[in-house]
Amino acid sequence: MAASQTPTSPQSAPLVPREPFLTKRRAFSIVGLIIFLGFFAIPIYQTILLEMIGDTGQLMQQIVIGLTKGTYIAVIALGYTLVYGILELINFAHGDLFMIGAFLSLIFISLFGLDPKTSSGLTIFFSLIAILGLVMLCTAFLNAGIERFAYRPLRNAPRLAPLISAIGMSFVLQNVGIFLGDGLIWDKIAAGLGSDAIGRVADAMGSQSVAPKNIPDLLPNGQVFFVPASLRYTYKDLLVAVVSLGLLAGLYSFVRFTKLGKAIRATAQDRDAARLMGINADRTISVTFLIGGALGGAAGMIVGLYNGTALFTMGFTAGLLSFTAAVLGGIGNILGSALGGLLIGLVLSLSDQYIGTRWSNAVIFAILVLILLFRPTGLLGQEGGQKA
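Numbers given for residues are sequential positions, taken from 1 along each chain in its written order. Only residues with pLDDT of at least 70 are given local features in this predicted model, and only at 80 or more are side-chain atom pairs given and counted; all residues enter the totals for whole chains, interfaces and linings. Hydrogens and water are ignored here; the side-chain numbers use all heavy atoms of the structure.

### Quick look at the packing of aromatic side chains
So, step 1. Here a pair means two rings of Phe, Tyr or Trp (six-membered ring of Trp) with centres within 6.5 Å. Their orientation is stacked below 30 degrees between planes, edge-to-face above 60, and tilted elsewhere. In the structure shown here, the tally under the stated rule is five aromatic pairs.
So, step 2. Centre to centre, the rings of phenylalanine 125 and phenylalanine 126 are 5.2 Å apart; their planes meet at 75 degrees, and the pair counts as edge-to-face.
So, step 3. Here phenylalanine 125 falls in the partly exposed class, since its relative accessible area comes to 45%.
So, step 4. Whether a residue is buried, partly exposed or exposed follows from its accessible area with a 1.4 Å probe, protein chains only, as a fraction of its type maximum: under 20%, in between, or over 50%, in that order. Judged by relative accessible area, phenylalanine 126 falls into the exposed class, the value being 52%.
So, step 5. Pairing tyrosine 151 with phenylalanine 289 gives two aromatic rings, centres 5.9 Å apart and planes at 50 degrees, and the pair type is tilted. One end of the pair, tyrosine 151, is in helix H4 (residues 121-151); the other, phenylalanine 289, is in helix H11 (residues 281-307), and 138 residues separate them in sequence. Each member of the pair, tyrosine 151 as well as phenylalanine 289, is classed as buried. Counting from the N terminus, the helices are the DSSP runs of H or I reaching at least four residues and the strands are the DSSP runs of E reaching at least two.

### Here's the deal with the packing of helix H2 (residues 56-87) against helix H8 (residues 235-257)
So, step 1. Where helices are involved, their axes are fitted lines through C-alpha atoms of the stretch in contact, as for all axes, and angles between N-to-C directions lie from 0 to 180°. It is the contact of H2 with H8, at a shortest axis distance of 8 Å, that shows an interaxial angle of 30 degrees. What the angle tells us is that H2 and H8 run roughly parallel. Here H2 runs over H8; the crossing is left-handed. Residue-level contacts link Thr68, Thr71, Tyr72, Ala74, Val75, Leu78 and Leu82 of H2 to Asp237, Val240, Ala241, Ser244, Leu245, Leu247, Leu248 and Leu251 of H8.
So, step 2. Residues that form the contact of H2 with H8 fall into these classes: eleven nonpolar, three polar and one charged. Put simply, angles under 35 degrees are roughly parallel, angles over 145 are roughly antiparallel, angles from 65 to 115 are roughly perpendicular, and the rest are oblique. In this scheme the crossing of two helices becomes right-handed for a clockwise turn of the near helix relative to the far one and left-handed for an anticlockwise turn of less than a right angle. Contacts are residue-level and defined by heavy atoms, with any inter-residue pair within 4.5 Å sufficient. Gly falls in the polar group here, along with every residue not listed as nonpolar (Ala, Val, Leu, Ile, Met, Phe, Trp, Tyr, Cys, Pro) or charged (Asp, Glu, Lys, Arg).

### Considering the environment of alanine 266
So, step 1. Looking at the element boundaries, alanine 266 is found in helix H9 (residues 259-269).
So, step 2. For alanine 266 and isoleucine 86, which are 180 residues apart along the polypeptide, the C-alpha to C-alpha distance reads 9.0 Å.

### Details of the nonpolar core
So, step 1. We define the nonpolar core as a collection of buried residues of types Ala, Val, Leu, Ile, Met, Phe, Trp, Tyr and Cys that are connected through side-chain atoms lying within 4.5 Å of one another. Counting residues in hydrophobic clusters, the biggest one holds 81 residues, and the most contacted among them are Leu128, Ile131, Tyr151, Trp186, Leu251, Leu295 and Leu305.
So, step 2. It is H11 that provides the largest number of residues to this core, a total of 13 residues.
So, step 3. Aside from chain neighbours lying at most four places away, what touches leucine 295 is Val75, Leu78, Leu82, Leu247 and Leu251.
So, step 4. The next biggest cluster of nonpolar side chains, apart from the first, holds six residues, and it includes Val224, Leu231, Tyr233 and Ala241.

Here it is in C-alpha cells:
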C-alpha cells in the first residue's frame, strides 16, 4: 500500500520564500567581522579588560553612572518607539521636544523663584513635582499639535513626506528653543507686564540666546546612606533613576492593562482592523503623541536638573542616542526600548572611561551596526513587529 501523502495547503506556504541564514552578504559580513576582531579589536579589548580587572571600584562606578544615564535615555527612546509602533514614522522632532522640556523646566523654576540657597527642601520638592506636571502637560500638547498639523495631513502620502516633515519640525523646535532662551525677549515681556517673576526668567536666560543656560542645582547631592562610601552614588542619581523607572513602569502598565492602551496596541497592529472594531484611530494616535510628548518633556527636565544645563542643540545628541537605543532594543517594542536605553547608557559610560569620550559615539554606532547585521529587528523585536 502506497503511503498516503498529505497535500500541502496553499495557505500554509510562506508568502515570501524564507531567506537562508548564511547568505553571501551575511557570509562576507561575518568574515569581515572576524578579520576586524582578530587583527585590530582583540588587542584593544585585552587592554580594556586588564584595566577593568585592575580597578574593580572604578568599573563599578562607571556601571552605576551608565545605568543612571541609561534610565533617562530609555525614557526618551520610548517616545520614538511609541510613535514608530503606531505610525511607523521616525519622529526626528522628538529629541528637540526633549530639549524644549529642559527649557520649560528652567522657565518654571525661575517663575516659581526656586533657589537652592533660600528655598526649603519641602518647597523645592513639591514645586518640582508641580513643575514636572506642567512641563509634561506643555510638551504633550505641543507634540499632539505637531501630529495634528504636520503629520496627519501627510498620513496617506508616500513615507518620505512625513519623514521630511519630521526633520522640518526638528529645525522649527530648535528655533523655538533659541527663542525661549533669549533673555532680551523675556526682558521686554517683563517690562511690559511689570512682572518680577518674568524678570527672573530673563536673568536665567541671559543675553545670548544660543549660549548654554545654567539650571539651579536643586537636587540633593549627598551620598545615599545605604551605599558604601567607596561607591559614589548620590540622592540625585537615585532620584533620576526612580523617576525614570517609575515613568517606564507607568507607561508599560498603561499600554498593557488599560482600555486605551489596548486601543493603542490594536491600532499599531492593524489600523484598518482597529477602525472596524470601533476604535477611533485618529484619537488613539493623538493620545500616543500626547504620551510620547509628556515622556520627552519629563526626560528633558530630568536631564536638565541632573546635568545643570540646557542648550538648544542638546536634543540632537540625546535624540540620536535614544533612537539608537530604540533600534537596538527593537523599535516598536516598549521593553526592548527600555533595555536598549540601559545598554546604551552602560556602553556610553564604559566607553567614556576606558576608550575616550571622542570615541563614544563611534563605539555606540559600531554596536548598532553589528546588531542590525545579525539581528535587524533589534534585541527584543520580532519579525512583523511586536509593536507598542
